[in-house]
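Summary of structural features
Residues per chain, in single letters:
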Amino acid sequence: MSILIAILTLALVAVVIFVVSAPLRSSRRRPDAGRAGGAGEDAARASGADDVALESPSGSALRGDLEAAREAKYREIRDAELDYRTGKLSREDYEAIDGALRAEAIEILNRLEADGEG
Amino acid sequence: MNPARKRTARLIVALSAAVVLASALIYTSFSAASPALSPSQLLRQVQPGRSYQLTGTVVPGSVRRQAAALDFSVEDRAGGTAIPIAYTGTVPDPFREGREVIVTVERQRGVYVGERNSLITKCPSKFKTAPPGEKQSY
Amino acid sequence: MAGLGRACLLLALAVCVYGIGASLYGVRSGRSEFSGSGRRCVYALAGILTIAFAVLEVAFLGNDFAFNTVASTSSRTTPAFYRAAAVWSSQEGSLLLWAWLLSLWSSLALFLTRRRLRDVAAYATSVLLGLAGFFIALMIFYANPFATTRPAPVEGAGLDPLLRFPTMMIHPPMLYSGYTLCTIPLAFGIGALLARRVDADWIKAIRRFAFAAWLFLGVGILLGARWSYAELGWGGYWGWDAVENASLMPWLTGTAFLHSLMIQEKRGMLKVWNISLVLATGTLAIMGTFLVRSGILNSIHAFGGATLGVPFVVVIAALIGGSIYLVVSRRDMLRSEHRLDSLLSRESIFIANNVVLVALCFVIFWGTYFPLISDALTGHEASVGPPWFDRYTVPLALVLVLLSGIGPVITWRRATLANARRNFTVPVLAALVTLLALLAVGVPQKPFAIAMFCCAAFVLASIGQEFFRGVNARRAMAGEAAPVALLSLVRRNRRRYGGYIVHLGIAVLFVGVAASSSFQHASELGLSPGQSTRVGAYTVRYVRPTATITPKDDRAHTGSTLSLGAVLAVYKHGHHVATLQPSEGFYAAAGAQGSVGSLIGGQPVSHVSMDAGATRDIWSAIAPNIETPELKRIVSIGNRTLPAEDAIVAIGVLARTYLQHPPQAQFHLIVSPLVMWIWLGGLIVFGGGLIAIWPAPSAVRRRVAVRARTRDARGLARA
């Protein structure tokens, strides 16, 4: 019984080490990946196979943040329209707020485009 | 008033209200609280008409049930002074001799009367090993 | 297999230590392969602890009494259902459950954020592994679930009968899931402060976990209340017990956070407040876990070795101290982008809501820890009871419900009076009509309850108005029929309408609480068969006694030797309304009580019988008198003449005698109106929460994005 336990334990340790060291091993296999510059950069290349899938366009923390801000702004635009249609905003108030929100959204979209080219 | 001063004024009002309410809360907690005492402490400082929270162990052999009333004695956790209590009200399931209890009592005409439904028994040994006398099999 | 369990714990601790180091090194040096390795440590931890938990479950189900915890909390006669749950009835097992759930939820959180928030996630990984490591270290050094005794005892002590109820299976895992989910926003909050990134991306990631924590914790609390009411013998669902309060406090701050988060999202305000709420919620969750098992406060639940107290205090102090330091040192980054425009605005209502919730939390905190506070300040330990709690929480709850009706209807930034008139007329009318109706019907003078009913009417009307107007808007925009419009309205605005449903549920819940506490009729008295009594509008008659003996009739698998009870018939206006069968189970106890006495000398457990209805619950409990001279004589004769194996015969005689000459029994009878609404309200809250948290299908998101972008283009052309 104790031999079985010892074997199981060793097997478990081996699996754990294998799983945990995977990113370290794959980065060593690709020495040209190099260090991602600066704290917080999540370069897709250096992080190992399980990480950022190649189809995701995110290349920097800033981009992720801008995308989240864009989604939030879209939601706000829709919410403002719903507020107007359910009678919580007068027409003038709605148009003012809607214009301001759209301007903020365009700003975010511009920054996203600029970042994408970089 | 310019917006900045308005905001400061609002903040001051809000904070003062909070301080006043918190003080009321704290004050009433001290006056409404019942001190938790062991039997020996209670005997030393008891005043008739005031209610106290008595905590201690139920003395084995002291429990007597008569219809709606329950008589038992409470002693210090370490043993020693015991106080007889006359209690009416709900008796929690875990109540038995040797268990730790908390009951609100008042000294009325020389007798310690337990406040109705104030008896709490500590759930025994859920996360502790039971003392040997308590080994139960279910 | 205990060896495998012990090895798992050691391996888990090693993984935690390595993971903390790797994550921190990875984030400070920019070498993200180390952060990735650290994240995989969390996945590995989940796997290791799953194996450890499985080992313990198998030991329980297989009656392996070599394990100390199995021997002390389970037995061959405990049904399989309860044997599986007994795993978390002990200190050691519950610590393992906590650590396991933490590792599972952390894995999910880190998996979902694996492509974003790299540096924040790396710090969060270290915090989560640190907490997990703490619990694992507690297990290894103080309370090891895999400790064994050889040779193994033949039989175990069995599960405490007080715990042998089905809700026992679900309440701890739900509650622990809530607690552990609270630590994830805590970890990400600390991570955000350390990485100096408190922004839109962080909000988006953390919102879902804060919501899930709130949901699970809320369900866990409600399940506990239901267990207490329906299955324990005291007839109440909330006693302001220290342990109940400990779970409510993080839920309150979590609710506050969910609301103020919206303000940060929209206006960039309240950043310091939000991060403080996140840190407070996580710390309160850890404090709650500590309270239950440290024995520092007198409570019905107080269990736990004093040895666990010190390590917990150290961790909590570190959390509090560290949080304060982080927030203060990063305060320049947490400056508000905007200021409050007007007191009559949704921001203002949300802030008021936050203030009320935090005030509630403070009141409960003060009352719960008062024994320690008074001991520290005055040298005498004193405690406050439910009346003190009620005095402060009831008015605060009233204001909270009222705010939950105002918030949905008022606009952001600045609401005009004309607007307010249009939107609040119907809800205010509803409240007034309710008030007049209640007074006309002659409801007894209970001002707080009546106020709560009016506030609830206000909320119902304002939510109803929102749905009505929303459906109309949808029909105007898309020409759909009303039911379709309702569905698509909710589907496209899950957060908003899910939130409205939650508010509805809360209002229903509080109506139930107000009605059942203010208009309850209770009676405690002795009855003999044939006698009846009045409770409220009902007449309860003791029809006949009941007596059952295991193992023949133990349908509920309570494991009791003897169960004595009564059949009660309930009448209203002469019509038979319900039949109740409360009973009390007497259990065996090893000890010097004699062969017969020890079969029934153990802790008795009351089995409540209840008729639950939409408008009222009729609740009954019995304390039969098993110590009449006649019955005591049977026991003592049995003790003298019967050996242990035959002692059960005397129990049969006892039962027959009780049935033939039933003595007067003590009954506790309660008629509470609208208790069902509490559970119903809870279900509505849960449903609304699920709707709000459900991710919109990406197709919808893309359609919305495209439409928004084309509208932007048109907007640009217009500008």
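Just so it is clear, the model here is predicted, and its values are computed rather than measured. (Residues numbered from 1 in each chain as written. Chains lettered and ligands numbered in written order. Predicted model: local features only at pLDDT ≥ 70, side-chain atom pairs only at ≥ 80, totals over all residues.)

Each helix and strand counted, chain B has two helices and eight strands in total. Taken from N to C terminus, the helices and strands of chain B fall in the order α-β-α-β-β-β-β-β-β-β. Across chain B, contacts joining residues at least 24 apart in sequence account for 48% of those joining residues at least 6 apart. (Helix = DSSP H or I, 4+ residues; strand = E, 2+ residues; numbered from the N terminus. Contact = placed C-beta atoms within 7 Å.)

Take the overall build of chain C next. A tally of regular secondary structure across chain C gives 22 helices and eleven strands. Taken along its principal axes, the extent of the C-alpha atoms in chain C is 100 × 70 × 60 Å. By the burial criterion, 55% of the 719 residues in chain C qualify as buried. Here the contacts in chain C between residues at least 6 apart in sequence split such that 76% fall between residues at least 24 apart. (Buried ≥ 20, exposed ≤ 12 C-beta atoms within 10 Å, placed from the backbone.)

Moving on: the environment of Ala-157 of chain C. Residues and elements named next belong to chain C. Among the secondary structure elements, Ala-157 is positioned in the loop between helix 6 (118-141) and helix 7 (167-195). Here Ala-157 falls in the buried class, since 23 other C-beta atoms lie within 10 Å of it. For Ala-157 and Thr-73, which are 84 residues apart along the polypeptide, the C-alpha to C-alpha distance reads 5.8 Å.

Residue and element names in this part refer to chain C. Close contact between helix 5 (residues 91-112) and helix 7 brings their axes to 9 Å; oriented N to C, the two are set at 50°. If you check the angle between helix 5 and helix 7, you find them oblique. Along this stretch, helix 5 crosses helix 7, giving a crossing that reads as right-handed. Contacts from Ser-94, Leu-97, Trp-98, Leu-101, Leu-102, Trp-105, Ser-106 and Ala-109 in helix 5 reach Pro-172, Pro-173, Tyr-176, Ser-177, Thr-180, Leu-181, Thr-183 and Ile-184 in helix 7. (Axes fitted to C-alpha atoms, helices over the stretch in contact; angles between N-to-C directions. Parallel < 35°, antiparallel > 145°, perpendicular 65-115°, else oblique. Left-handed = near helix turned anticlockwise from the far one by under 90°.)

All names here are of chain C. Within the open sheet, the four strands sit side by side as 2-11-10-9. Their pairing is antiparallel. Where the open sheet ends on each side, the last strands, each with one partner, are strand 2 (521-527) and strand 9 (609-612). Averaged over all adjacent pairs, the angle separating strand axes in this sheet is 10°, with direction ignored. (Pairing = 2+ DSSP bridges.)

Residues and elements named next belong to chain C. Note the cis peptide between Arg-150 and Pro-151, where omega equals 5°. Inspection of the secondary structure puts Pro-151 in the loop between helix 6 and helix 7. Residue Leu-270 is not a glycine yet carries a positive backbone phi of 60°. Within the element layout of this structure, Leu-270 appears in the loop between helix 9 (242-267) and helix 10 (271-294). Despite not being glycine, His-573 has its phi angle at roughly 55°, a positive value. In this structure, His-573 sits in the loop between strand 5 (562-572) and strand 6 (575-580). The exposure class of His-573 is exposed, given the 8 C-beta atoms found within 10 Å.

A few words now on the domain arrangement of chain C. Residues and elements named next belong to chain C. When its domains are assigned, chain C resolves into domain 1 (1-164) and domain 2 (521-677). Measuring from the centre of the C-alpha atoms in domain 1 to the corresponding centre in domain 2 gives 42 Å. Facing seven residues of domain 1, the contacting portion of domain 2 comprises eight residues. Residues of the side of domain 1 that touches domain 2, tallied by class, amount to three nonpolar, three polar and one charged. (Domains from an automatic or database assignment. Nonpolar A, V, L, I, M, F, W, Y, C, P; charged D, E, K, R; others polar.)

Looking at chain C as a whole, the pLDDT averages 86, with 93% of positions reaching at least 70. Taken over the whole predicted complex, pTM reads 0.87, whereas the ipTM for its chain interfaces reads 0.75. (pLDDT = per-residue confidence, 0-100.)

A common way to state how big an interface is: give the accessible area lost once the parts meet. Split by domain assignment, chain B resolves into domain 1 (1-33) and domain 2 (36-126). Look at where the C-alpha atoms of domain 1 of chain B and domain 2 of chain B centre, and you get two points 41 Å apart.

Another point: the confidence of the model for chain B. Residue and element names in this part refer to chain B. With 85% of its residues at a pLDDT of at least 70, chain B reaches an overall mean of 75. The element-level mean pLDDT for chain B is lowest in strand 3 (residues 64-66), coming to 74, with strand 5 (residues 82-88) highest at 86. In this model residues 124-138 is a low-confidence stretch, pLDDT under 50, and it forms 42 contacts with partners more than four residues away in sequence or in other chains.

With that out of the way, let us pick up the nonpolar core. Residue and element names in this part refer to chain C. Counting residues in hydrophobic clusters, the biggest one holds 199 residues, and the most contacted among them are Ala-12, Leu-45, Val-401, Ala-456, Phe-510 and Val-511. Sorting elements by how many residues they give to this core places helix 8 (residues 200-231) first, with 20 residues. Here Ala-456 is in contact with Val-401, Ala-507, Phe-510 and Val-511, once residues within four sequence places are set aside. By size, the runner-up hydrophobic cluster in this structure holds 45 residues, among which are Val-535, Ala-566, Ala-621 and Leu-669. (Core = buried A, V, L, I, M, F, W, Y, C linked by C-beta atoms within 7 Å.)

It is worth spelling out helix 1 (residues 2-29) of chain A at this point. End to end, helix 1 of chain A covers 38 Å across 28 residues, agreeing with the expected 40 Å (1.5 Å per residue, within 8%). Of all the bends in helix 1 of chain A, the greatest reaches close to 55° and is centred on Ser-21 of chain A; the proline Pro-23 of chain A follows between one and four positions later. Buried within helix 1 of chain A we find Val-16, Val-20, Pro-23 and Ser-27 of chain A. Packed against the buried residues of helix 1 of chain A are helix 1 (2-29) and helix 2 (32-61) of chain C. (Expected span 1.5 Å × (residues − 1). Bend = angle between axes of the 7 residues up to and from the residue.)

This part takes up the pairing of strand 10 (residues 616-623) of chain C. Residue and element names in this part refer to chain C. When you tally the buried positions in strand 10, you get eight out of eight residues, the bulk of the element. Residues Arg-616, Ile-618, Ser-620 and Ile-622 point to one face of strand 10 and Asp-617, Trp-619, Ala-621 and Ala-623 to the other, with burial holding for every one of them. Both strand 9 and strand 10 contribute to a ladder of four bridges, which runs antiparallel. When the bridges of strand 10 are listed, Ala-612 appears paired with Asp-617. The hairpin formed by strand 9 and strand 10 contains three residues between the paired strands.

Residue and element names in this part refer to chain C. By secondary structure assignment, the location of Gly-26 is in helix 1. Once the C-alpha coordinates of Gly-26 and Asp-119 are considered, the two residues, 93 residues apart in sequence, prove to be 8.7 Å apart. With residues near it in sequence (within four places) discarded, Gly-26 still touches Arg-31, Ser-32, Phe-34, Ser-35, Gly-38 and Ala-122.

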